[in-house]
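Topology and contacts: notes
The chain contents come next:
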Amino acid sequence: MNERRNRQMSAIVGAFLVLIAGGVVLLVENLFKTPLLLSQVTLLGLAGIFDIVAATDTQLTARWAWYQWSGLGNIFLGLSLPLGFVGSKHSLFFLLVAAIGGLSLAAMGIDMLVYHGKYTRGERLDRNGT
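Criteria and thresholds
- Residues numbered from 1 in each chain as written.
- Predicted model: local features only at pLDDT ≥ 70, side-chain atom pairs only at ≥ 80, totals over all residues.
- Heavy atoms only, no water.
- Helix = DSSP H or I, 4+ residues; strand = E, 2+ residues; numbered from the N terminus.
- Rg over C-alpha atoms; globule rule 2.2 N^0.38 Å.
- Buried < 20%, exposed > 50% of the residue type's maximum accessible area, 1.4 Å probe, protein only.
- Contact = heavy atoms within 4.5 Å.
- Areas by Shrake-Rupley, 256 points an atom, 1.4 Å probe, with all protein chains shown as cover.
- UniProt positions renumbered as here; feature names shortened; annotations may be inferred.
- Phe/Tyr/Trp six-rings, centres within 6.5 Å; stacked < 30°, edge-to-face > 60°.

1. Quick look at the overall build of the protein chain
The number of helices and strands found in the protein chain is 5 helices and 0 strands. Starting at the N terminus, the α and β elements of the protein chain follow one another as α-α-α-α-α. Taking 14 Å as the expected radius of gyration for a compact globule of 130 residues, we find that the protein chain reaches 16 Å, a close match to that expectation. In terms of overall dimensions, the protein chain has C-alpha extents of about 45 × 30 × 20 Å along its principal axes. Put simply, the protein chain has 130 residues, and 35% of those count as buried. A separation threshold of at least 6 residues defines the contact pool for the protein chain, and within that pool the share at least 24 residues apart is 62%. Approximately 8,200 Å² of the protein chain is accessible, and the part contributed by carbon and sulfur atoms is 68%.

Structure (structure tokens):
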């Protein structure tokens, strides 16, 4: 039951991230002339795709468990967060907050991808169970 709900949430988050990335691609002119924004949008889009993969039963989830795909999505999302503040006129404080939040997401993603959630969930996740 818990796995199903987590996978549904992964689908919702993934769709939202893909919509955001797609909207930016459609609305921003000369996206290729702003490499930081292009990088951020690419990472957001990939995070969304990986979360959608985590929510589905495909050959990809037969190779890696759903939570590993979700972890990979968290890593990419975490890496994308601080890019929005790099080189901007915002204060260093916002960059640091985004970097700390991004590193937290990336660390949780690494735990899900490599250690099967042992540290963030308190127990190792099983591909066929939890």
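2. Comments concerning the side chain of S80
Note on placement: S80 falls in helix α4 (residues 66–80). Residues in contact with S80, not counting those within four places in the same chain, are Q40, L43 and L44.

3. Some points on the UniProt feature "transmembrane region" (unreviewed entry) in the protein chain
Under the present numbering, the feature "transmembrane region" (unreviewed entry) in UniProt falls on residues 12–31, 37–54, 66–86 and 92–115. Along residues 66–86, the helical share is 71% and the strand share 0%, with 32 Å between the first and last C-alpha atoms.

4. Observations regarding the packing of aromatic side chains
Counted under the stated rule, the structure contains 7 aromatic pairs. Seen from their ring centres, F50 and F76 are 5.3 Å apart, and the 75° between their planes marks the pair as edge-to-face. On the criterion of sequence distance, the pair formed by F50 in helix α2 (residues 35–55) and F76 in helix α4 is long-range, its members being 26 residues apart. Ring centres of W66 and Y67 lie 5.8 Å apart, and the angle between their planes is 85°; on these two criteria the pair is classed as edge-to-face. As far as the burial class goes, W66 and Y67 line up, both buried. Chaining the aromatic ring pairs together yields one cluster made of F50, W64, W69 and F76.

5. Remarks on unusual backbone geometry
With phi around 55°, N30 is a residue other than glycine that occupies positive phi space. Tracing the backbone shows N30 in the loop between α1 (2–27) and α2. A relative accessible area of 48% places N30 in the partly exposed class. Non-glycine residue H116 carries a positive phi angle of around 60°. In this fold, H116 is placed in the segment after α5 (92–114). On the basis of relative accessibility, which here comes to 15%, the residue H116 falls in the buried class.

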